[in-house]
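# Examination of the molecular architecture
Below are the chains, spelled out letter by letter.
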Amino acid sequence: MNKTKLIIEREYMSRVKKKSFIIMTLLGPVLIAGLLSLGVYLGISDTTVYNVLVVDQTPAISTGSLTQRSQPLFWNRLKETSQMKFDYSDLAMSNVEFDSSAYDLMVVLKDDIVTHPEAEMVFRTLPSMKARSYLEDEIEKVIEEEKLKLNEIDKRTYDSIKTHLNLISVDAEDGTTSYKQQQAFVGFGFAILIYFFIFLYGVQVMRGVMEEKSNRIVEVLISSVKPFQLMMGKIVGIALVGLTQFLLWVILTSVLFSLTSGILVGELVNPETVQAQVQMTDEVAAQAANDPMAQSAVNDILELIFYRINWPLMIGLFIFYFLGGYLLYASLFAAIGAAVDNETDTQQFMMPITIPLVFGFIVSEFALSNPEGSAVFWFSQIPLTSPIVMMVRVAMGFSSGGAWQLILSMLLLVAGFIGAVWLAAKIYRVGILMYGKKISYKELMKWLKYKS
Amino acid sequence: MDILKVQRITKTYANHTALKSVSLSIPKGSIFGLLGPNGAGKTSLIRIINQITGPDKGKITFNGKALAPEHIEKIGYLPEERGLYKKMKVGEQALYLATLKGMSKKEAKAKLKEWFERFDILPWWDKKVEELSKGMAQKVQFITTVMHEPEFIILDEPFSGFDPINANLIKEEILRLAEAGTTIMLSTHNMSSVEEICTHIALINKSKKVLDGPVDKIRTEFKDGVYELVFQGDMLSFTNALWTNFELISNSKKGQDTVAKIRLLNDSTVNDLLKTVLPVVEVKSINEVIPSMNDIFIKVVEKKAKK
């Protein structure tokens, strides 16, 4: 036991002292936060100016008695912004002409657009989502107005009729508002983290074993310690590295978050900043700021982050499932590392390990939309996929009668990793001393039968 | 007193037998050569002694007690496939290996500094292993094998890959350790590299022990009355003089001298030989031909094959 401790210590210290570990640990939270805000920033701060040619083919003179007008429908009615400039024409350019013109976009509005709301947008480079939806909104608005006129409906009447339904799910059991869907996303975040950590650290175990084998130090080591101690020391040592990294991330992120949250929360719910951020759609922004819907969405997210998620439970179970899943996969990775001589030979053995891992990831994505499905149930029990799938279910919470599912899954995972460790130890023991032999599955089966 | 007794060890792998009922006794304080061609089963036996693998049949005793995990710390092992962590610092690594052998950090550090000094590699303590030359890395490996002052040291192919200077250094260290009372087992397929320092040997071929015992005894057993006679003079009269009681096995010219190998027949003695040849040629020297381990091995294996 004492020797295993020495091995754990070496595996841990040699990795934690590495520059790459320190950099990853410090940069991780900054990077995650940075990427998120960069995404937001890029989404908002699209500064491209679009010159749009609006080809309006609607008849200049409408025959309807109430809608007398002397120019085509859209003529000068699309609202310009600093980034959206409109020119109007009734003749479409050919694509070749358009290509050599000064316009970035050409929107062709057919004469029957009011009855068939469909239009073509010709582009040279695909515009941003935001520009596109702005165009849609503007054109829709004109069509809507036209329809209101045709049907003799007052704009105010129409606004009062137009309805947004906010569907709030209520759990029959305790009568509280349910945020399961949103919570599931948080669980999915944890699932991604587990998937990522198992892969990252599992491969490190494999590399470490291969390093010892190809360095030829392994025989020196196992003349002092048992192969099992060496394998477990490495697996546990690297697990501790993973946990250290995770805990540092949690601490650093919460420190970063508490430092910036005042500013962040203030800005998020402050209508002025929301308005400022969405420069392009001034009107929409003003609407959004006054729209209780948009505000409540922001509040929902904050409420979800701060109150809906049981963080201690989530992190506790994350650690359990990470460790369980990691021990299971890492020992299999260790067995692969022991069985092969070099990295290129690992491919054939990596496949059967990677597939369930990726599969667990896919099923957990599936659990987002259908959390009670039977596939989700089964894969949250099978130890190979449960660490990933179960995180999504844990985040959503179990009904009081469903706690057995969690307990069963945890027990199965423990049994799973014990089995995996046992299997891996048998392969490991033989593999580390086997050089220059091409290993097949048949060969591995033979190793399992060797006596120690 | 034997430090290690191997009794009828058999080890079978899936498709071949590595050791077939092998027994050995290794006397305390001896330098024991485990000799045999590649693939004979030497490394399999060594791994069993080191408790890396277990035997299918048979047992091993260490100092009279059944071999057990607590004996690991009393054995030093330099495997044939040996290496170090490339990215780790030399001193740190040696310390790690020492603590794995049960030494305390403090004790290990003092011992290691001493050894590093002896081997002239103390300045490399804080360097990474990948910066060492091959010879220096081998010195480090040897040190990590012996630093915990084991009673029994096993060196598997100790001289393979060593340059002549280092090989000599290691040889001297082996002799020094043996003098201090350590029992040493050398395993090699290159018999000439160890026969001069071994006190005992065992020959292994095709997973069976074919011969073992003290080197002197084996040599005496295998010498068959052949003498090498160096002389100057007429070859024809020399051959005629030998007549019936001696057999001329071979002769060759070496400058002015003739080197002849002669077997004594019919209980004749060296004195008889000298009396016979002295009148016809001028004798420069006469030596008994001591068979090399290689010769003995070939002889034994051939004899077994004939049977």
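Residues numbered from 1 in each chain as written. Chains lettered and ligands numbered in written order. Predicted model: local features only at pLDDT ≥ 70, side-chain atom pairs only at ≥ 80, totals over all residues. Heavy atoms only, no water.

Take the overall build of chain B next. Broken down by element type, chain B carries nine helices and 14 strands. When the 307 residues of chain B are sorted by exposure, 49% land in the buried category. Long-range pairs, those at least 24 residues apart, make up 68% of the contacts in chain B with a sequence separation of at least 6. Looking at chain B as shown, the accessible area adds up to about 14900 Å², and 50% of this sits on carbon and sulfur atoms. (Helix = DSSP H or I, 4+ residues; strand = E, 2+ residues; numbered from the N terminus. Buried < 20%, exposed > 50% of the residue type's maximum accessible area, 1.4 Å probe, protein only. Contact = heavy atoms within 4.5 Å. Areas by Shrake-Rupley, 256 points an atom, 1.4 Å probe, with all protein chains shown as cover.)

Let's shift gears to the sheet that holds strand S14 (residues 282-288) of chain B. Residue and element names in this part refer to chain B. The strand order across the open sheet built from four strands is S12-S13-S11-S14, with neighbouring strands paired in antiparallel fashion. Of all strands in the sheet, those with a lone pairing partner are strand S12 (246-254) and S14, marking the two edges. Each neighbouring strand pair of the sheet contributes to a mean axis angle of 20°, computed without reference to strand direction. Two strands pair when backbone bridges link them, and S12 and strand S13 (residues 257-264) are joined in this way by eight bridges, in the antiparallel orientation. Among the inter-strand pairings, Ser-250 is bridged to a residue of S13, identified as Lys-261. Contacts from helix H8 (residues 270-277) reach strand S11 (226-232), S12, S13 and S14 within the one sheet, and its direction differs from that of S14 by about 160°. (Pairing = 2+ DSSP bridges. Axes fitted to C-alpha atoms, helices over the stretch in contact; angles between N-to-C directions.)

A few words now on a positive patch on the surface. All names here are of chain B. Taken together, the side chains of Lys-20, Lys-208, Lys-303, Lys-304 and Lys-307 make up a positively charged region of the molecular surface. Within the fold, Lys-208 resides in strand S10 (residues 208-214). With a relative accessible area of 44%, Lys-208 lands in the partly exposed category. (Patch = residues over 30% accessible without salt bridge, like charges linked within 9 Å, V, L, I, M, F, W, Y side chains within 5 Å. Salt bridge = Lys/Arg side-chain N within 4 Å of Asp/Glu carboxyl O. Lys, Arg positive; Asp, Glu negative; His and termini not counted. Charge placed at Lys NZ, Arg CZ, Asp CG, Glu CD.)

We now examine the environment of Val215(B). All names here are of chain B. Within the element layout of this structure, Val-215 appears in helix H6 (residues 215-222). Taking the C-alpha atoms as reference points, Val-215 and Cys-198, 17 residues apart in sequence, are found 7.1 Å from one another. If we ignore the near neighbours within four places in the chain, the residues touching Val-215 are Cys-198, Thr-199, His-200, Ile-201 and Met-293.

Our focus in this paragraph is helix H13 (residues 347-369) of chain A. Along an α-helix, a turn takes 3.6 residues, which lines up residues three or four apart on a common side. Residue and element names in this part refer to chain A. In this model, H13 (23 residues) spans 33 Å end to end at C-alpha, consistent with the 33 Å of a helix rising 1.5 Å per residue. At Ile-353, H13 shows its maximal bend, which comes to roughly 30°, and the proline Pro-356 appears one to four places after that position. Within H13 the residues assigned to the buried category are Phe-349, Met-350, Ile-353, Thr-354, Pro-356, Leu-357, Gly-360, Val-363, Ser-364, Ala-367 and Leu-368. (Expected span 1.5 Å × (residues − 1). Bend = angle between axes of the 7 residues up to and from the residue.)

What follows is about the side chain of Thr10(B). Residue and element names in this part refer to chain B. Mapped onto the elements of the fold, Thr-10 is located in strand S1 (residues 2-12). A polar atom in the side chain of Thr-10 sits 3.1 Å from the backbone nitrogen of Ser-21. Those residues in contact with Thr-10 that sit more than four places away from it in its chain are Leu-19, Lys-20, Ser-21, Pro-55, Asp-56 and Lys-57. (Polar contact = N/O pair within 3.5 Å; in protein donor to acceptor, adjacent residues only side chain to side chain.)

Taken together, the side chains of Asp111(A), Asp112(A), Glu118(A) and Glu120(A) define an acidic patch exposed on the protein surface. Structurally, Glu120(A) can be placed in strand S4 (residues 120-123).

With that out of the way, let us pick up the pairing of strand S3 (residues 31-35) of chain B. Residues and elements named next belong to chain B. Among the five residues in S3, five count as buried, and that is most of the element. Across the two faces of S3 the burial is the same, with Ile-31, Gly-33 and Leu-35 and Phe-32 and Leu-34 all buried. The sheet contact formed by S3 and strand S8 (residues 183-188) spans five bridges and is parallel. The partner of Phe-32 across the bridge, within S8, is Met-185. Bridge count for S3 against strand S9 (residues 200-205) is four bridges, and the pairing is parallel. Across the sheet, Leu-34 pairs through a bridge with Ala-202, a residue of S9.

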